[in-house]
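Structure assessment
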Amino acid sequence: MLQTGRLPVQTKGNQLLDYTRTAETFDWRSVESAFSWSVTGRVNTAYEAIDRHVDEGRGEQIALQYSDPSRNEQLTFAEMKANSNRFANVLRKYNVKKGDRVFIFMPRVPEFYTSFFGVIKVGAIVGPLFEAFMEEAVKDRIADSEASVLVTTPDLLPRVPRQELHSLKHVIIVGNDVDHGNDNIISYYKEMKEASTDGEPEWVDREDPMIIHYTSGSTGKPKGVVHAHNAMIQHYQTGKWVLDLQPEDIYWCTADPGWVTGTSYGIFAPWLNGVTNVIRGGRFSPGDWYQTLEKNKVTVWYSAPTALRMLMAAGDELIRNYDLSSIRHILSVGEPLNPEVIRWGMKVYGKRIHDTWWMTETGAILIANYPQMEIKPGSMGKPFPGIRAAIIDDEGNELPPNQMGNLAIQTPWPSLMREIWKNPQKYQEYFRLKGWYISGDSAYMDEEGYFWFQGRLDDVINTSGERVGPFEVESKLVEHPAVAEAGVIGKPDPVRGQIIKAFVSLRDGYQPSDELKEEIRQFVKNGLAAHAAPREIEFKDKLPKTRSGKIMRRVLKAWELGLPTGDLSTLED
Ligand code: 6R9
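No experiment lies behind these values; they were computed from the predicted model shown.

Moving on to the packing of helix α12 (residues 305-313) against helix α14 (residues 339-348). Where α12 meets α14, the axes come as close as 10 Å, and the angle between the chain directions of the two elements is 55°. Here α14 runs oblique to α12, going by the angle between their axes. Like other packed secondary-structure pairs, α12 and α14 cross with a definite hand, here left-handed. Counting all contacts with α12, which are made through Leu308, Arg309, Leu311 and Met312, the residues of α14 involved are Glu340, Val341 and Trp344.

It is worth spelling out unusual backbone geometry at this point. Cis peptide bonds are those with omega within 30 degrees of zero, and the linkage from threonine 411 to proline 412 qualifies with -10°. Considering the arrangement of structural elements, one finds proline 412 in the loop between β18 (405-409) and β19 (419-420).

A few words now on helix α16 (residues 470-477). Taking burial as the measure, the 8 residues of α16 include 6 buried ones, the bulk of the element. Considered for burial, the residues of α16 that qualify are Pro470, Glu472, Val473, Glu474, Lys476 and Leu477.

Turning next to the nonpolar core. Phe116, Phe117, Trp271 and Tyr302 are the most contacted members of the largest nonpolar core, which totals 100 residues. The biggest single contributor to this core is helix α10 (residues 260-272), with 7 residues. Counting 25 residues, the second-largest nonpolar core is a separate cluster that includes Phe103, Phe105, Ala147 and Trp421.

With that settled, consider the site of the ligand. Every one of the 19 residues lining the ligand counts as a neighbour, but Trp259, Asp355, Thr356, Thr360 and Arg467 are closest to it. Aspartate 441 is positioned with one of its side-chain polar atoms (N or O) 2.9 Å from an oxygen atom of the ligand. The side chain of arginine 467 places a nitrogen or oxygen atom 2.5 Å from an oxygen atom of the ligand. Relative to its unbound accessible surface of 540 Å², the ligand loses 98% to contact with the protein. Secondary structure elements with two or more residues in the shell around the ligand: α10, β14 (353-357) and β21 (451-456). The biggest single contributor to the shell around the ligand is β14, with 3 residues. In terms of residue class, the shell around the ligand is made up of 9 nonpolar, 5 polar and 5 charged.

Moving on to the pairing of strand β13 (residues 329-332). Side-chain alternation along β13 places His329 and Leu331 on one buried face and Ile330 and Ser332 on a second face that is also buried. Where strand β12 (residues 300-303) and β13 come together, 4 bridges link them in parallel fashion. Opposite valine 300, over in β13, you have histidine 329 as the bridge partner. The pairing of β13 with β14 spans 3 bridges and is classified as parallel.

Here the focus is the confidence of the model for the protein chain. Put simply, the protein chain has an average pLDDT of 93, and 96% of its residues get 70 or more. Both confidence scores are given for the complex: pTM 0.92, ipTM 1.00.

The next subject is α14. Listing the buried residues of α14 in full gives Val341, Ile342, Trp344, Gly345 and Val348. Projection of α14 onto a plane perpendicular to its axis shows the buried side chains occupying an angular sector of 160°, all on one side. Those residues of α14 hidden inside the fold are in contact with α11 (286-296), α12, α13 (316-319) and β14. Just downstream of α14 lies glycine 350, where phi reads positive at about 70°.

Attention shifts here to the sheet that holds strand β24 (residues 483-493). Sheet architecture is open: 3 strands sit in the order β24-β25-β26, paired in mixed fashion. At either margin of the open sheet sits one strand with a lone partner, and together these are β24 and β26 (536-539). Within this sheet the neighbouring strands show an average axis-to-axis angle of 25°, counted without direction. The pairing of β24 with strand β25 (residues 497-506) spans 10 bridges and is classified as antiparallel. Its bridge partner lying in β25, proline 492 is registered against glutamine 498. Taken strand by strand, α16 contacts β24 and β25, and its axis lies near 145° from that of β24.

So, about the pattern of salt bridges. Pairs can form between side chains of opposite charge whenever their charged atoms are close. Summed over all chains, the structure comprises 41 salt bridges. Of the charged contacts in the structure, one is a salt bridge between glutamate 111 and arginine 71, with a shortest N-O distance of 3.2 Å. Taken together, the residues span a long stretch of sequence, with glutamate 111 in helix α6 (residues 110-121) and arginine 71 in the loop between β1 (62-66) and β2 (73-76) at a distance of 40 residues. The exposure class assigned to glutamate 111 is buried, which follows from its relative accessible area of 7%. Taking the shortest distance from any N to any O, the salt bridge between lysine 376 and glutamate 448 comes out at 2.6 Å. Highlighted residues: lysine 376 in the loop between β15 (367-368) and β16 (382-383) and glutamate 448 in the loop between β20 (437-445) and β21, separated in sequence by 72 residues. The network of salt bridges with common partners includes Lys491, Lys501, Glu536, Glu538, Lys540 and Glu560.

Moving on, we come to the sheet that holds β20. The strand order across the open sheet formed by 4 strands is β17-β18-β20-β21, and the pairing between neighbours is antiparallel. Each edge of the open sheet is held by one strand with a lone partner, namely β17 (389-392) and β21. Across the sheet, the axes of successive neighbouring strands diverge by a mean angle of 50°, strand direction being ignored. As paired strands, β17 and β18 are joined by 4 bridges and run antiparallel to one another. Its bridge partner lying in β18, isoleucine 391 is registered against leucine 407.

Further remarks concern the environment of leucine 168. With respect to the helices and strands, leucine 168 occurs in the loop between β5 (149-152) and β6 (170-173). Apart from the residues within four sequence positions on either side, leucine 168 is in contact with Ile142, Ala147, Ser148, Val149, Leu150, Val160 and Arg162.

Take the packing of aromatic side chains next. Overall, the coordinates contain 35 aromatic pairs when judged by the stated rule. Ring geometry for phenylalanine 87 and tyrosine 188: centres 5.7 Å apart, planes at 35°, overall tilted. Here tyrosine 188 lies in helix α8 (residues 188-194) and phenylalanine 87 lies in helix α5 (residues 77-93), a separation of 101 residues in the sequence. Residue phenylalanine 87 is classed as buried on the basis of its relative accessible area, which comes to 0%. A centroid spacing of 5.5 Å and a plane angle of 85° characterise the contact between tryptophan 413 and tyrosine 437, whose relative ring orientation is edge-to-face. A residue pair is termed long-range when its members are at least 10 positions apart, and tryptophan 413 in the loop between β18 and β19 and tyrosine 437 in strand β20 qualify at 24 residues. The pair tryptophan 413 / tyrosine 437 is uniform in exposure class, with both members buried. An aromatic cluster of at least three residues, connected via ring pairs, comprises Trp252, Phe284, Trp289, Tyr290, Trp301, Tyr322, Trp344 and Tyr349. A cation sits over an aromatic face here: lysine 540 above tryptophan 559, 4.6 Å from the ring centre.

The rules behind each value
Residues numbered from 1 in each chain as written. Predicted model: local features only at pLDDT ≥ 70, side-chain atom pairs only at ≥ 80, totals over all residues. Heavy atoms only, no water. Axes fitted to C-alpha atoms, helices over the stretch in contact; angles between N-to-C directions. Helix = DSSP H or I, 4+ residues; strand = E, 2+ residues; numbered from the N terminus. Parallel < 35°, antiparallel > 145°, perpendicular 65-115°, else oblique. Left-handed = near helix turned anticlockwise from the far one by under 90°. Contact = heavy atoms within 4.5 Å. Buried < 20%, exposed > 50% of the residue type's maximum accessible area, 1.4 Å probe, protein only. Core = buried A, V, L, I, M, F, W, Y, C linked by side-chain atoms within 4.5 Å. Near = heavy atom within 4 Å. Polar contact = N/O pair within 3.5 Å; in protein donor to acceptor, adjacent residues only side chain to side chain. Areas by Shrake-Rupley, 256 points an atom, 1.4 Å probe, with all protein chains shown as cover. Nonpolar A, V, L, I, M, F, W, Y, C, P; charged D, E, K, R; others polar. Pairing = 2+ DSSP bridges. pLDDT = per-residue confidence, 0-100. Arc of directions from axis to C-beta. Salt bridge = Lys/Arg side-chain N within 4 Å of Asp/Glu carboxyl O. Phe/Tyr/Trp six-rings, centres within 6.5 Å; stacked < 30°, edge-to-face > 60°. Lys NZ or Arg CZ within 6 Å of the ring centre and 35° of its normal.

This is the structure we're talking about:
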């Protein structure tokens, strides 16, 4: 990759961090003293993120600043504490216990966050779902995790196939017209009104599970990545040193909590650091986003490359209508951040955009461009203090600078996932090379220790920052009556990074047509989610397969890109 100059340090950032020295001397144990449990030995992340601020005299500070034109609302830490206590008591009333799975399937409204902390307060495992999920995506996750309670809204309830979800004992509905005729339907507002604000969180072990995020791999259904309360150590410290959060900050993370960025950095990092967190749901729209930044006087803004590229495409003229002078620090995650976008950011916001790298499985940021670092546009930055990243070959040997290989991390670190739900074998696969955590990304490190992303080594698709497993889409496609076989790949796209492209062979009696393409697209959209529906479908008489019947996505990719197809010795015929 072309190294296109450097961007000098603009802000000193957190004065405590002298990166070059700290990286060598830092010890994670030094962070633990920030938390009450370093004294008591008893942990609950909800306490540290919310209640602690009340106990330490910050109860009247705004915690949640809800930014929605139709409902302007602010919640202080004291109100967040009271509300989440109420919700914890509702869950206790319905017998939810430590270790139970409780899913939340609703838009980013204040009730989402109240429920979220209520679940953690009873020691249960919280499972946030994307609001955009359709029936099958919802079903797969609740069924796999055997969740006993779901919190949702009347609008989304039709996408929950309750008859097929045998583990679900209660559905809590956040809405006004709730039909109580059915005894496993519970009204959120009615129960909350009756519930007490008293009660202590369930004190758990730091290694007890706290949250489960489903994410896609190249084979099989999405897997449940489980994080423990202990992850808070890293959420807190990366919040301080990478997001540069300081007490008076107003912070906005644009990610949905169905994605790990929307919890680790949309919930935990800001509130563990006690800052005001702007919450805004709804769809992407450049004008609305700038308005959110302006109206709330956002100082720290964490977003993603696709959104930034779309803002860039919306034009610089639009930006002049807004006063964005409050912004101090901008960050990005999820996909490669183009040098061009960084240069544009310098021009229009007068700020550098700081790329960060991490994954659902890693729980928190591992590689980053710190406020106090020179940025090399196109590089993901350097490992966080206490993290050792390396490029290794397929035998687990470390490679010298400038050689491409597997981006790997020395284990463990505080926020590393603790299990893949009910799938110990999948978990072990991540550590198969001499105990390194293998990310699945290829990268190289330059002589100065900066890491440069090169691509995914598996078939996982990254479209607009959403991680989509081709298998999940293929499985849905072949459920359509016209589809005989399907192979799905990521096709490079200037705005979305990649788009989903499906190659489809039809069953006898079906003729290729544009109407059929659209029908198949809608079918996937209605079954899984809009972001999982192929933007392009190409009909083929036959798909390339191995003798064992596996569709060779590698060959499909080569067709698409006009590249040589490589070794075809395992091809069926
Ligand atoms: C937090 C998150 C993880 C995958 C990861 C990589 C890609 C993330 C990136 C990046 C290039 C960056 N990715 N950050 N690629 N530059 N700064 O994104 O989690 O949804 O699990 O995706 O995203 O391929 O392996 P997740």
